[in-house]
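Chain by chain, the residues:
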Amino acid sequence: MPLQVSDYSWQQTKTAVFISVPLRGVCVRDADVFCTENYLKVNFSPFLFEVFLYAPIDDENSKAKIGNDTIVFTLYKKEVAMWETLSVSGVDKEMMQRIREKSILQAQERAKEATEAKAAARREDQKYALNVMMKIEEEERKKIEDMKENERLKATKELEAWKECQRKAEEQKTIQREEKFCEQGKQVGEERNKLKHKSLTRIAASRNLATKGRNSENIFLEKLKEDSIPGPRSVGSIKISFTPRVFPTALRESQVAEEEEWLHKQAEARRALNTDIPELSDLKEEEKNPEWLKDKGNKLFAKENYLAAINAYNLAIRLNNKIPLLYLNRAACHLKLKNLHKAIEDSSKALELLTPPVADNANGRMKAYIRRGTAFCQLELYIEGLQDYEAALKIDPSNKIVQNDAEKIRKIIQGTELKS
């Protein structure tokens, strides 16, 4: 049988009623508060405080504060008037039971409405997130298709250029072959003339041998030997062309397969850099550096030019998406612009990159938890926000600012639970 609390005190104005109920050493977690427009009950075993209110109140806006072994209620009246008493008089047990049952039914209906409202809000959030993801996937798909089309056009142009070079090379070879055939034809004609001349000379010599003596025959033979000696070769030059190579080593000493693979990867990287990020065409070579872009974004953030800072961080992330500080800084910009879902996404990505958790990345992990917790709280998701602040406190338990913010979030959660 619970003990009724009678040593409470109350005051009133025309718009509000203030009730102070002692807890008598009971823990705050053990206190159970139930309030409707006509009924107020506080159950903290073994004590019970119950009031059947004189007039209706606005239970949604009414408040309860627990602390210093006391519960202080601030009840706002629906009608501006002074009450004669706190509790309605002439209430028998049957009426009390009816009021209790009615109050419980009202609380159940409100809880059901709140649950349906939360479910509807959750469905809207999921729908919004799905639409955003579909839009992102559509943009990525379009980007991939554009890349494929650009690569196809580039490969087609390169193939056409190669075919043109091959055609010109074939034409040049054909011309050289024809010139060579002409030279060979001239040489064959000259050889034929020489052979004909030699044949005529031999015939004449044989005729002379028949008429002249032995001495004249010897003289003719010596002259014939002199005529048969070939003339000296013509002077010319030999051209040698070497295949151009990227590597300075000799071909017999190099590893061709590995070198070709390395050159192919370098070409692919340069082609991807020029086609994927057209913004880099306007930048200098030293400006195509993620660290330079990060410093540029930090300077723009300091000047409160958050959109320009986000653009700088976006370009740096496209160049190198493994730097967690880029996502942390972009999350800070999104917080300033109230892009809360994007701030949560960037903070989560930074936490993924800051693994494994070590002392060197403790500061970055703490910033990521605080920024994600701040975004959750601004979305009124206080439980998720408190979890992130508590994770930050585990990294630095002595941080007073984070402790105070976490305590404020706890008070907001407790106030929300009391209102419901």
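Residues numbered from 1 in each chain as written. Predicted model: local features only at pLDDT ≥ 70, side-chain atom pairs only at ≥ 80, totals over all residues. Heavy atoms only, no water.

As annotated in an unreviewed UniProt entry, the chain carries the name Dynein axonemal assembly factor 4 and is attributed to Neovison vison.

## Quick word on the overall build of the chain
Helices and strands together make up the secondary structure of the chain, namely 10 helices and 8 strands. For the chain, buried positions account for 24% of its 420 residues. Contacts spanning at least 24 positions in sequence make up 52% of the contacts within the chain whose residues lie at least 6 apart. Of the roughly 31,100 Å² of accessible surface on the chain, a fraction of 53% belongs to carbon and sulfur atoms. (Helix = DSSP H or I, 4+ residues; strand = E, 2+ residues; numbered from the N terminus. Buried < 20%, exposed > 50% of the residue type's maximum accessible area, 1.4 Å probe, protein only. Contact = heavy atoms within 4.5 Å. Areas by Shrake-Rupley, 256 points an atom, 1.4 Å probe, with all protein chains shown as cover.)

## Overview of the pattern of salt bridges
A full pass over the atoms with the stated rule returns 13 salt bridges. K294 is paired through a salt bridge with D295; the nearest N and O atoms lie 3.5 Å apart. For the salt bridge of E407 with R410, the shortest nitrogen-to-oxygen distance reads 3.3 Å. Within this pair, E407 and its partner R410 are both found in helix α10 (residues 400-419), separated by 3 residues, close to a single helical turn. (Salt bridge = Lys/Arg side-chain N within 4 Å of Asp/Glu carboxyl O.)

## Section: the sheet that holds strand β7 (residues 63-67)
One open sheet holds the 4 strands; their spatial order is β2-β3-β8-β7, and the pairing between them is antiparallel. The outermost strands of the open sheet, each flanked by one partner alone, are β2 (9-12) and β7. Taking the axes of each pair of neighbouring strands and ignoring which way they run, one obtains an average angle of 15 degrees across the sheet. (Pairing = 2+ DSSP bridges. Axes fitted to C-alpha atoms, helices over the stretch in contact; angles between N-to-C directions.)

## What about the sheet that holds strand β5 (residues 39-44)?
With mixed pairing, the 4 strands of this open sheet are ordered in space as β1-β6-β5-β4. Lying at the two open borders of the sheet, with one neighbouring strand each, are β1 (3-4) and β4 (32-35).

## With respect to the environment of Q378
Tracing the backbone shows Q378 in helix α8 (residues 362-378). For Q378, a relative accessible area of 35% puts it in the partly exposed group. Through-space distance from the C-alpha of Q378 to that of L335 is 9.5 Å; in sequence the pair is 43 residues apart.

## Structural notes on the pairing of β5
Pairing between β4 and β5: 4 bridges, direction antiparallel. Looking at β5, one finds that V33 is bridged to V42. Strand direction decides the pairing type here: β5 and strand β6 (residues 47-52), joined by 6 bridges, are antiparallel. What sits directly across from K41, in β6, is E50. The turn linking β5 back onto β6 is made up of 2 residues.

## Some remarks on the UniProt feature "repeat: TPR" (unreviewed entry) in the chain
The UniProt record annotates "repeat: TPR" (unreviewed entry) at residues 366-399. The annotated region residues 366-399 carries 79% helix and 0% strand content, and the separation between its end C-alpha atoms amounts to 11 Å. (UniProt positions renumbered as here; feature names shortened; annotations may be inferred.)

## Looking at helix α7 (residues 340-353)
Over its 14 residues, α7 extends 20 Å from the first C-alpha to the last, a length consistent with the 20 Å expected when each residue adds 1.5 Å. Taken together, the buried positions of α7 are occupied by L340, A343, I344, D346, S347, A350 and L351. Down the axis of α7, the sector holding all buried residues measures 170 degrees, keeping them to one side. Turned more than 90 degrees away from the buried face of α7, the exposed residues are E345 and E352. (Expected span 1.5 Å × (residues − 1). Arc of directions from axis to C-beta.)

## Considering the side chain of N329
Of note, N329 is situated in helix α6 (residues 324-336). In terms of polar contacts, N329 uses its side chain to reach the side chain of N298, at 3.0 Å. Each residue touching N329, except ones within four places of it in the same chain, is listed here: K294, N298, Y313 and R371. (Polar contact = N/O pair within 3.5 Å; in protein donor to acceptor, adjacent residues only side chain to side chain.)

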